[in-house]
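Here is how the chains run, residue by residue.
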Amino acid sequence: MAKTKTGPAVGITEDGLRWEEVSYNGATYRIRELLVEEADTAWDASIGSDKTFNARLNNRLGLCAAIISPPTTIDEIAKWPNVKLVVLFTVFDRLNALPPASAEGEDSAPAT
């Protein structure tokens, strides 16, 4: 079974983006929030010439842009075990999505 760990290693980049570290089988990845322009670039690159949207490609391009270290390519991600991808996406999603609405129906933005 793969060993995974999400831990207290969190912080803010010089650009003010939140980051978090996650370990999978001894390798530690530092993942950060995306800039809007990075998310837009991944989205645009995921639209084919026939105007179909490739969600898998969008997810992988976004994750590549968000991984600070170690440098990771989309081709490397394609060769990862699926569980590793899910583990890293869990952190990526936590950093790049709003938390669920509160019981009172108000959005609660992450603290910075």
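None of these values were measured; they are calculated from a predicted model. (Residues numbered from 1 in each chain as written. Predicted model: local features only at pLDDT ≥ 70, side-chain atom pairs only at ≥ 80, totals over all residues. Heavy atoms only, no water.)

*Asks:* In this structure, what is going on with a nonpolar patch on the surface? I would like to understand it.
*Replies:* On the surface, Trp 43, Ile 47 and Phe 53 cluster together to form a nonpolar patch covering roughly 280 Å² of accessible area. When you line up the elements, Phe 53 lands in the loop between α1 (36-45) and α2 (55-66). (Patch = residues over 30% accessible without salt bridge, like charges linked within 9 Å, V, L, I, M, F, W, Y side chains within 5 Å. Areas by Shrake-Rupley, 256 points an atom, 1.4 Å probe, with all protein chains shown as cover. Salt bridge = Lys/Arg side-chain N within 4 Å of Asp/Glu carboxyl O. Helix = DSSP H or I, 4+ residues; strand = E, 2+ residues; numbered from the N terminus.)

*Asks:* How should the pattern of salt bridges be read in this particular structure?
*Replies:* Where side chains of opposite charge bring their charged atoms close, a pairing between them can arise. Under the defined criterion, the tally for this structure stands at four salt bridges. With a shortest N-O distance of 2.7 Å, Glu 21 and Arg 30 are connected by a salt bridge. Judged by its relative accessible area of 21%, Glu 21 is partly exposed. Residue Arg 30 is classed as partly exposed on the basis of its relative accessible area of 26%. Of the charged contacts, one joins Glu 38 and Arg 32 as a salt bridge, the two residues approaching to 2.6 Å between their closest N and O atoms. (Buried < 20%, exposed > 50% of the residue type's maximum accessible area, 1.4 Å probe, protein only.)

*Asks:* It is not clear to me how the pairing of strand β2 (residues 18-24) should be interpreted in this structure. Could you clarify?
*Replies:* For a regular strand, the rule is simple: side chains alternate between the two faces of the sheet. Within β2, six of the seven residues are buried, leaving the element largely enclosed by the surrounding structure. Note: β2 against strand β3 (residues 27-32), six bridges, orientation antiparallel. When the sheet's bridge partners are listed, Ser 23 is paired in β3 with Thr 28. (Pairing = 2+ DSSP bridges.)

*Asks:* Can you help me understand the pairing of β3 in this one?
*Replies:* Here β2 folds back onto β3 in antiparallel fashion, the turn holding two residues, of which Asn 25 has a positive phi close to 50 degrees. Relative to strand β4 (residues 67-69), β3 runs antiparallel, the two being bridged by two bridges. Following the sheet pairing, Arg 30 is matched in β4 by Ser 69.

*Asks:* Quick question: what am I supposed to make of the packing of aromatic side chains here?
*Replies:* The geometry of an aromatic ring pair is captured by the separation of the ring centres together with the interplanar angle, meaning the angle of the planes. Applying the stated rule across the entire model yields three aromatic pairs. Aromatic side chains Phe 89 and Phe 92 sit 5.9 Å apart centroid to centroid with 75 degrees between the ring planes, which places their arrangement in the edge-to-face category. Of the two residues, Phe 89 and Phe 92 both sit in helix α4 (residues 82-96), three residues apart, roughly one turn of that helix. Summarising the burial analysis for this pair, Phe 89 and Phe 92 share the class buried. (Phe/Tyr/Trp six-rings, centres within 6.5 Å; stacked < 30°, edge-to-face > 60°.)

*Asks:* Please clarify how the packing of α1 against α2 should be interpreted in this entry.
*Replies:* Each pair of packed helices gets described by two things: the angle between the helix axes and the distance between those axes. Between α1 and α2, the least distance of the axes is 8 Å, while the angle of their chain directions is 150 degrees. Relative to α2, the element α1 lies roughly antiparallel. The interaxial crossing formed by α1 with α2 has right-handed handedness. Along its contact with α1, which presents Glu 38, Ala 42, Trp 43 and Ala 45, the element α2 presents Leu 57, Asn 58, Leu 61, Gly 62 and Ala 65. (Axes fitted to C-alpha atoms, helices over the stretch in contact; angles between N-to-C directions. Parallel < 35°, antiparallel > 145°, perpendicular 65-115°, else oblique. Left-handed = near helix turned anticlockwise from the far one by under 90°. Contact = heavy atoms within 4.5 Å.)

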